4 protein chains.
Amino acid sequence: MIRITIYNEFVQEQLKTKKFDFQKDWGEESVRWGAERAEEIARAHEGGAIHDTLKKIFEECEDLKVCHTATLETQEEGLSEEVLRDTDVLVWWAHIAHDQVSDEIARRVRDHVQKGMGVIFLHSAHMCKPMAELLGTSCTLRWREGDSERLWCCNPTHPIAKGVPECIFLEEEEMYGEYFDIPKPDELVFIGGFGGGEVFRSGCVWNRGYGKVFYFQPGHETYRSYFQPDIRRILQNAAHYTANPEMRLEKLECLPV
Amino acid sequence: MIRITIYNEFVQEQLKTKKFDFQKDWGEESVRWGAERAEEIARAHEGGAIHDTLKKIFEECEDLKVCHTATLETQEEGLSEEVLRDTDVLVWWAHIAHDQVSDEIARRVRDHVQKGMGVIFLHSAHMCKPMAELLGTSCTLRWREGDSERLWCCNPTHPIAKGVPECIFLEEEEMYGEYFDIPKPDELVFIGGFGGGEVFRSGCVWNRGYGKVFYFQPGHETYRSYFQPDIRRILQNAAHYTANPEMRLEKLECLPV
Amino acid sequence: MIRITIYNEFVQEQLKTKKFDFQKDWGEESVRWGAERAEEIARAHEGGAIHDTLKKIFEECEDLKVCHTATLETQEEGLSEEVLRDTDVLVWWAHIAHDQVSDEIARRVRDHVQKGMGVIFLHSAHMCKPMAELLGTSCTLRWREGDSERLWCCNPTHPIAKGVPECIFLEEEEMYGEYFDIPKPDELVFIGGFGGGEVFRSGCVWNRGYGKVFYFQPGHETYRSYFQPDIRRILQNAAHYTANPEMRLEKLECLPV
Amino acid sequence: MIRITIYNEFVQEQLKTKKFDFQKDWGEESVRWGAERAEEIARAHEGGAIHDTLKKIFEECEDLKVCHTATLETQEEGLSEEVLRDTDVLVWWAHIAHDQVSDEIARRVRDHVQKGMGVIFLHSAHMCKPMAELLGTSCTLRWREGDSERLWCCNPTHPIAKGVPECIFLEEEEMYGEYFDIPKPDELVFIGGFGGGEVFRSGCVWNRGYGKVFYFQPGHETYRSYFQPDIRRILQNAAHYTANPEMRLEKLECLPV
């Protein structure tokens, strides 16, 4: 059994009914944008939050179990030492409140990955603190909402690509384009091509210590990518691939010999 | 001074007026295709052959000198031991007569690259014998004539990308698409995105022994890509990058110590 | 069930009692060396040939089955198209008769690896023809018989290192030293350190098409490395890792789309 | 002209005559160790500090200029925004006071590397904060003082290895051994082999954004490695290789297009 913890920021889903601390100085236009976004997300995610959508994806596999869900508001308990110690793979979706995650938690996630926890960063999580801690680059990119994507597999024997066709068409997806400022991937699995002509290293694996990091670009909050069976399969494969429960270290230290 | 040798198959350019041995069993349709192709190439290359076009690109740089040109018909003398020993960078364009290059020459090229000669394989040269000898994979791909390409730089500090914009638009280019069956590039410099939605690892570097290999996808025979200044700059950069005249070995051998 | 084929040159084992074609111009000293070597191998391998030793290693695992064994003298039938098509992992041990393997067989092996067959090259097989075909470099190195080796794992989560201690001491092993002229490994698993102070990339993985290549340096013919449990475990792990029976292609070709 | 800034912790050099804040709870034995270490360093470095030794290495090259030197005590001004903006290559030597460098400075260094500054981390700097920020791994290792090292080049055409013999013998060096918990190097240049049998990836390059990171293991404070001409050559080569003054960015940001 692979134990999964999902962190979903869970901010945009609530912007119609709730105001967060970091919104203090949001102007009228931002507030209106937020309310509309909340409605769009609700439509795309069938009334649920993004973590509900993700949970169902993983729980299609008998050997994957979502044990914990954390959000921006519950980050302290939801991503505590105890929770991460019990987590084989952490899944991270976030977008507009990266700065509201504490540095301490970002480093806690990094430390657990180094000791063997897998982590999957989704879509706009490319700018989240734990990913920056693990990769060391800015992870900046070009972007534009409202495009379509073809996701091409450039590594057909990779475990994350198992059972996935050579090309997946996403009728609606946010364009993320190169230059994507990441370290050279240890394993490049997917390259995305967008309707507007841009390309992107959309599926990348890096090893960090005893843990594996997978970044996967599809998954804009208002689109239906996560409901497409091939995308679901990729996420399930990624959970299996990044999990390494047999080799979880207590600590990493320099040893005199 | 970097000494360049250009191998251009120089077959399609002549198909209007000449028949090659390997065409013995070409049917009427193939012959007609050949004659048309010859005309199209002449138009695209301003009356010259592809090696004339390439020669002019390199000779825009004062420190690059095209010392030799070889073709399918002159391969024996044109790619002799003496010529390759005098070559810092070999440039290879070929398409329909890969099999007509002798195994001996393919291995001679491989051996010189291993001992420090640079090599640039262009466009349809992805299936040529020396590239197979050096890479060890099938180099197969998807293709379609008559598309457009956007060439994106995913490695902006790479010497081959020096002075080149983040995106180069090629109004006409042959689509080459993933899965491109190559070894993981040591350095991935460009990714192409095509009008039809396909993507391709269009600019790749591999180290082989003391030599460097650069594969560059643009350059279909009937299009004008090689006349575009940014593409010319990339080829010039690649000649500088793959040349290593200071470290040319006499031989590689196992040494007892 | 993973189906393994072992190629062992099986030349040195017979040099006491038999003369091979390629020995025609061997002088007296070479003949004497051969006879002594045969005796030493018999001692180290408990009276059997190297392929007997290897067979027993793989057959310690219930899911590994050695279906075929080929030698220099039986290469034509032993490594036929039919045999390779039935092989999930090919294991190659060879030393003094690399040139006696036909180019056709070397390319047949290369082609099957590209289509998904795993291959494990052992020790002096670093100079064999199929490895050259797959890697494209000279694979030259420094060497000296009669040393000891410490084999260090520099990739502790790699499947080939599973269950293996961080250091394996080999009291007797042939020194293979850098510069080892190989392409940058896709995965570097072990680095050897020798009594004489040399170092070597002793365990390396490369992907070639749909197949995986593992090179593993220990295994000099007259030493007992293959009888050490940790070395056996590495070879068993490597067979599991390089096998990919689910993705064996019929052919690789360029496809118009 | 390449502008270099050297950060040397400059703590151990002063431990005979001075007490640092972080030593508050040092026991008698630590104090005695410190005094002895100060004497040993003075002997090894000819009466100077480690930054004096390093400065002289770079200033052997006409196009390298050490413009700034910073120490633990002067880190605020010595590694200010202004200083780093004026720095093409930052050289970092540190050992016992990594924690005394502020997080802010560590991130400032990381940010400047991402925007194009080169950085060279020396020896015990493997545990310094900026290296952790850039690499994302623990950088832990095995160690033992009082060994000898042979430094082997496994990448003979790499610019950092230019003019350097295939093996450099260091009569006295601290053993650093695998497993070294680093991301897979983009370029592995040197592997060290130690008298005690250990091995280590001693010279590694990673690209991070527009900047290059070089880690180089030799350089224990009480030994004479930095006075050996081949080691000096490597450091000079590394300064040239990691410098990229032509491509220094003002900022890295996500851009809507």
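Source: prediction; values computed, not measured. (Residues numbered from 1 in each chain as written. Chains lettered and ligands numbered in written order. Predicted model: local features only at pLDDT ≥ 70, side-chain atom pairs only at ≥ 80, totals over all residues. Heavy atoms only, no water.)

1. Considering the layout of surface pockets
Computed from the structure, the second largest pocket encloses a volume of approximately 640 Å³. If you go around the second largest pocket, you meet 29 residues; those closest to its centre are Arg110(B), Asp111(B), Met127(C), Ala132(C) and Ser138(C). When contributions to the lining of the second largest pocket are tallied by element, the ones reaching two or more residues are helix 5 (103–114) of chain B together with helix 6 (129–135) of chain C. (1 Å grid on protein atoms, 1.4 Å probe; cavity = no way out; pocket = protein on both sides within 12 Å on 5 of 7 lines; lining within 4 Å. Points joined across faces, edges and corners; volume = space filled by probe spheres on them. Helix = DSSP H or I, 4+ residues; strand = E, 2+ residues; numbered from the N terminus.)

2. Quick look at the pattern of salt bridges
Per the counting criterion, the structure on display carries 99 salt bridges over all chains. In this structure, Lys129(B) and Asp103(B) form a salt bridge, with 2.7 Å as the shortest nitrogen-oxygen distance. One end of the pair, Lys129(B), is in helix 6 (residues 129–135); the other, Asp103(B), is in helix 5, with 26 residues separating them in the sequence. On the basis of relative accessibility, which here comes to 22%, the residue Lys129(B) falls in the partly exposed class. Each member of the salt-bridge network shares a partner with another, and the members are Asp103(A), Arg107(A), Arg110(A), Asp111(A), Lys129(A), Glu133(A), Asp103(D), Arg107(D), Arg110(D), Asp111(D), Lys129(D) and Glu133(D). (Salt bridge = Lys/Arg side-chain N within 4 Å of Asp/Glu carboxyl O. Buried < 20%, exposed > 50% of the residue type's maximum accessible area, 1.4 Å probe, protein only.)

3. Quick word on empty space enclosed by the protein
All chains considered together, the criterion is met by three cavities of 30 Å³ or more. Volume-wise, the largest cavity comes out at about 100 Å³. Lys184(A), Pro185(A), Asp186(A), Lys184(D) and Asp186(D) are, among the 14 residues lining the largest cavity, the residues nearest its centre. For the lining of the largest cavity, the elements supplying multiple residues, two or more each, are strand 8 (199–208) of chain A together with strand 8 (199–208) of chain D. Taken together, the residues that form the lining of the largest cavity break down as six nonpolar, no polar and eight charged. Quantified by volume, the second largest cavity comes out at close to 50 Å³. In this structure, the second largest cavity is lined by Pro183(B), Lys184(B), Asp186(B), Trp206(B), Arg208(B), Pro183(C), Lys184(C), Asp186(C), Trp206(C) and Arg208(C). For the lining of the second largest cavity, the elements supplying multiple residues, two or more each, are strand 8 (199–208) of chain B together with strand 8 (199–208) of chain C. A per-class count over the lining of the second largest cavity returns four nonpolar, no polar and six charged. (Nonpolar A, V, L, I, M, F, W, Y, C, P; charged D, E, K, R; others polar.)

4. Quick word on the relation of the copies chain B and chain A
Superposition of the two copies of the chain requires a rotation about an axis together with a shift along that axis. Superposing chain B onto chain A requires a rotation of 180° together with a translation of 0.0 Å along the rotation axis, leaving an RMSD of 0.0 Å. The operation mapping one copy onto its partner corresponds to a two-fold rotation axis. Judged by C-alpha distance, Gly193(B) is the residue of chain B that lies nearest the rotation axis, at 3.1 Å. (Least-squares fit on C-alpha atoms with pLDDT ≥ 70 in both.)

5. Observations concerning the nonpolar core
Counting residues in each nonpolar core, the largest one holds 86 residues, and the members touching the most others are Trp92(A), Phe121(A), Trp92(B) and Phe121(B). With residues up to four places along the chain from it excluded, the contact list for Trp92(A) reads Tyr7(A), Leu79(A), Val101(A), Val109(A), Ile120(A), Phe121(A), Leu122(A), Ala125(A), Cys128(A) and Pro130(A). Of all hydrophobic cores here, the second largest spans 84 residues; its members include Leu135(C), Leu84(D), Val113(D) and Phe200(D). (Core = buried A, V, L, I, M, F, W, Y, C linked by side-chain atoms within 4.5 Å. Contact = heavy atoms within 4.5 Å.)

6. Re the interface of chain C and chain B
Listed by partner, the interface residues are 34 residues for chain C and 34 residues for chain B. Interface area lost by chain C to chain B is led by Trp143(C), Cys254(C) and Val257(C), which between them contribute 20%. Across the chain C-chain B interface, the total number found is four salt bridges. One salt bridge connects Glu133(C) with Arg107(B), and the closest N-O pair in it is separated by 2.9 Å. Inspection of the chain C/chain B interface yields 14 residue pairs in polar contact (both at pLDDT 80 or more). Broken down by secondary-structure element, the contributors of at least two residues to the side of chain C that touches chain B are helix 5 (103–114), helix 6, strand 5 (142–153), strand 8 and strand 10 (255–256) of chain C. (Buried area = accessible area lost by both parts, 1.4 Å probe. Polar contact = N/O pair within 3.5 Å; in protein donor to acceptor, adjacent residues only side chain to side chain.)

7. Focus on the interface of chain B and chain A
How big an interface is tends to be stated in terms of accessible area lost as the parts join. Each partner contributes residues to the interface: chain B has 22 residues there, and chain A has 22 residues. When the two sides are added together, the surface that chain B and chain A hide from each other amounts to roughly 1,700 Å², 62% of it contributed by carbon and sulfur. Two residues, Arg142(B) and Glu166(A), come together in a salt bridge whose shortest N-O distance is 2.6 Å. Counting the contacts that link chain B with chain A gives eight residue pairs in polar contact (both at pLDDT 80 or more). Only strand 5 (142–153), strand 7 (187–194) and strand 8 of chain B provide two or more residues apiece to the side of chain B that touches chain A. Grouping the amino acids of the side of chain B that touches chain A by side-chain chemistry returns nine nonpolar, five polar and eight charged.

8. Focus on the relation of the copies chain C and chain B
With an axial shift of 0.0 Å and an RMSD of 0.0 Å, the rotation relating chain C to chain B amounts to 180°. Both copies share a contact surface, since 100% of the interface residues of chain C are interface residues in chain B too.

9. A look at the packing of aromatic side chains
All names here are of chain A. For the coordinates displayed, the defined rule picks out 40 aromatic pairs over all chains. With 5.7 Å between their ring centres and 75° between their planes, Tyr176 and Phe200 make a pair best called edge-to-face. Here Tyr176, found in strand 6 (residues 167–177), pairs with Phe200, found in strand 8; they are 24 residues apart in sequence, far enough to count as distant. The burial state of Tyr176 is the same as that of Phe200; both residues are buried. For the cation-ring pair, Lys18 lies above Phe20, with the distance from its terminal atom to the ring centre recorded as 5.2 Å. Sitting over the face of the ring of Phe227, Arg224 holds its NZ or CZ atom 4.0 Å from the ring centroid. (Phe/Tyr/Trp six-rings, centres within 6.5 Å; stacked < 30°, edge-to-face > 60°. Lys NZ or Arg CZ within 6 Å of the ring centre and 35° of its normal.)

10. Digging into the side chain of Arg232(B)
All names here are of chain B. Looking at the element boundaries, Arg232 is found in helix 7 (residues 229–242). According to the relative accessible area criterion, Arg232 is buried, its value standing at 12%. Dropping the residues within four chain positions of it, Arg232 is found in contact with Lys56, Ile57, Glu60, Tyr226 and Phe227.

11. Regarding helix 2 (residues 50–58) of chain A
Along an α-helix, residues three or four apart share an orientation, since each turn contains 3.6 residues. All names here are of chain A. The complete set of buried residues in helix 2 reads Ile50, His51, Thr53, Leu54, Ile57 and Phe58. Buried residues of helix 2 fall within an arc of 155° about the axis and therefore sit on the same side. The inward-facing, buried residues of helix 2 contact strand 1 (2–8), helix 1 (28–44), strand 2 (64–70), strand 3 (89–93), strand 4 (118–122) and helix 7 (229–242). (Arc of directions from axis to C-beta.)

12. Side note on unusual backbone geometry
Tyr179(B) follows Glu178(B) through a cis peptide bond whose omega is 10°. Checked against the element boundaries, Tyr179(B) lands in the loop between strand 6 (167–177) and strand 7. A positive phi angle, close to 55°, is found at Glu46(A), a residue other than glycine. By the element assignment, Glu46(A) lies in the loop between helix 1 and helix 2.

13. Here's the deal with the pairing of strand 1 of chain A
Residue and element names in this part refer to chain A. When you tally the buried positions in strand 1, you get six out of seven residues, the bulk of the element. Here strand 1 pairs with strand 2 via six bridges, running parallel. Residue pairing across strands places Ile6 opposite Thr69, the latter belonging to strand 2. Of the pairings in the sheet, the one linking strand 1 to strand 3 comprises five bridges and is parallel in character. Across the sheet, the residue bridging to Asn8 is Trp93, located in strand 3. (Pairing = 2+ DSSP bridges.)

14. Some points on helix 1 (residues 28–44) of chain C
Residues and elements named next belong to chain C. In a regular helix each residue adds 1.5 Å, so 17 residues correspond to 24 Å; helix 1 covers 24 Å between its end C-alpha atoms and thus fits that length. Those residues of helix 1 not exposed but buried are Gly34, Arg37, Ala38, Ile41 and Ala44. Along the axis of helix 1, the buried residues cluster in a sector spanning 130°; they form a single face. Exposed positions of helix 1 whose direction lies more than 90 degrees from the buried face are Glu28, Glu29 and Arg43. Buried residues in helix 1 make contact with helix 2 (50–58) and strand 5. (Expected span 1.5 Å × (residues − 1).)

15. Considerations on the pairing of strand 9 (residues 211–216) of chain B
All names here are of chain B. The buried fraction of strand 9 is high, at six of six residues. Across the two faces of strand 9 the burial is the same, with Gly211, Val213 and Tyr215 and Lys212, Phe214 and Phe216 all buried. Pairing of strand 4 (residues 118–122) with strand 9, which is carried by four bridges, proceeds in the parallel orientation. Paired with Val119 across the strands is Val213, a residue of strand 9. As paired strands, strand 8 and strand 9 are joined by six bridges and run antiparallel to one another. Bridge pairing links Val205 to Phe214 in strand 9.

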